[in-house]
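Architecture at a glance
Letter by letter, the chains look like this.
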Amino acid sequence: LHHQAEQTCRQLVRTQEEHQRLLQAAVEQAEGLEHNLRSADAVLAERAAQLRDTQAQLARNKLLIEDLREENRRFAMALQAAELKQKSTEEKKQLLEEQASALKQLVGKITPASLSG
């Protein structure tokens, strides 16, 4: 009985030691997982910050694009007005050239008559 009790005691000690090793391995594994989790959280926080920065930049770019579109619209209107003015000026120039040519012809007809008179 004494021998059986010693064997049981040794078996309990071995079982307790095995449980201690398993517990230590589980604690180490949990610490490793906790470290990995903290690292993943840090990476996610950094990515989230990058995404917020990117989103803010996109919003600024969108406003700049809208400003450029408005400026482009104003330039297009100014160009159209300038083209209309140029066309009007060219038409007036053509009219003046025609009038000058008509006057030249008239002067040409009048001058020989006045010289001979």
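Thresholds applied
- Position numbers for residues count from 1 along each chain, tracking the sequence in the order it is written.
- Only residues with pLDDT of at least 70 are given local features in this predicted model, and only at 80 or more are side-chain atom pairs given and counted; all residues enter the totals for whole chains, interfaces and linings.
- Side-chain numbers come from the whole structure's heavy atoms, not from hydrogens or water.
- Secondary structure elements are defined from DSSP: runs of H or I of at least 4 residues count as helices, runs of E of at least 2 residues count as strands, and each element is numbered from the N terminus.
- Computation of the radius of gyration draws on C-alpha atoms, with the globule rule given as 2.2 Å multiplied by the number of residues to the power 0.38.
- Buried, partly exposed and exposed residues are distinguished by accessible area as a fraction of the type maximum, computed with a 1.4 Å probe on protein chains only: under 20%, between the cut-offs, and over 50%, respectively.
- For the charge count, each Lys or Arg is scored as positive and each Asp or Glu as negative, with His and the chain ends excluded.
- Charge positions are represented by NZ for Lys, CZ for Arg, CG for Asp and CD for Glu.
- By convention in these notes, a salt bridge is any Lys or Arg side-chain nitrogen within 4 Å of a carboxyl oxygen on Asp or Glu.
- UniProt positions are given in the numbering used here, feature names are shortened, and annotations may be inferred rather than shown by experiment.
- Residues enter patches when they are more than 30% accessible in relative terms and free of salt bridges; like-charged ones are connected within 9 Å and nonpolar ones (Val, Leu, Ile, Met, Phe, Trp, Tyr) within 5 Å.
- Only the protein chains shown count as cover for residues, and the accessible areas themselves come from Shrake-Rupley with a 1.4 Å probe.

Looking at the overall build of the protein
Regarding its fold elements, the protein presents one helix and zero strands. Relative to the 2.2 N^0.38 estimate, which gives 13 Å for 117 residues, the radius of gyration of the protein is 49 Å and therefore markedly larger than a compact globule would have. With respect to the principal axes defined by its C-alpha atoms, the protein has extents near 170 × 15 × 15 Å. Burial statistics for the protein: of 117 residues in total, 0% are counted as buried. One way to put it: in the protein the 17 positive side-chain charges average out to a point 11 Å from where the 18 negative ones average out.

Re the pattern of salt bridges
If you walk through the whole model with that rule in mind, you get six salt bridges. The shortest N-O distance in the salt bridge between Glu 18 and Arg 21 comes to 2.5 Å. Pair noted here: Glu 18 and Arg 21 are both in helix α1 (residues 2-116), with a separation of three residues, about one helical turn. Overall, Glu 18 belongs to the partly exposed group, its relative accessible area being 35%. Between Arg 38 and Glu 34 there is a salt bridge, and its shortest N-O distance comes to 2.9 Å. Highlighted residues: Arg 38 and Glu 34, both in helix α1, separated by four residues, approximately one helical turn. Residue classification places Glu 34 among the partly exposed residues on the basis of a relative accessible area of 45%. Here the residues in one salt-bridge network are Glu 70, Arg 73 and Arg 74, joined through shared partners.

What about the UniProt feature "coiled-coil region" (unreviewed entry) in the protein?
Summarizing the sequence annotation, UniProt attributes the feature "coiled-coil region" (unreviewed entry) to residues 16-106 in the numbering used throughout. Taken as a whole, residues 16-106 contains 100% helix and 0% strand, while its terminal C-alpha atoms sit 131 Å from one another.

Observations regarding a nonpolar patch on the surface
Together, Leu 103, Leu 106 and Ile 110 make up an exposed nonpolar region whose accessible area comes to about 290 Å². On the secondary structure map, Leu 106 appears in helix α1.

Some thoughts on the environment of Gln 80
You can see Gln 80 is positioned in helix α1. The exposure class assigned to Gln 80 is partly exposed, which follows from its relative accessible area of 49%. Spatially, the C-alpha atoms of Gln 80 and Arg 10 are 102 Å apart, while their sequence positions differ by 70 residues.

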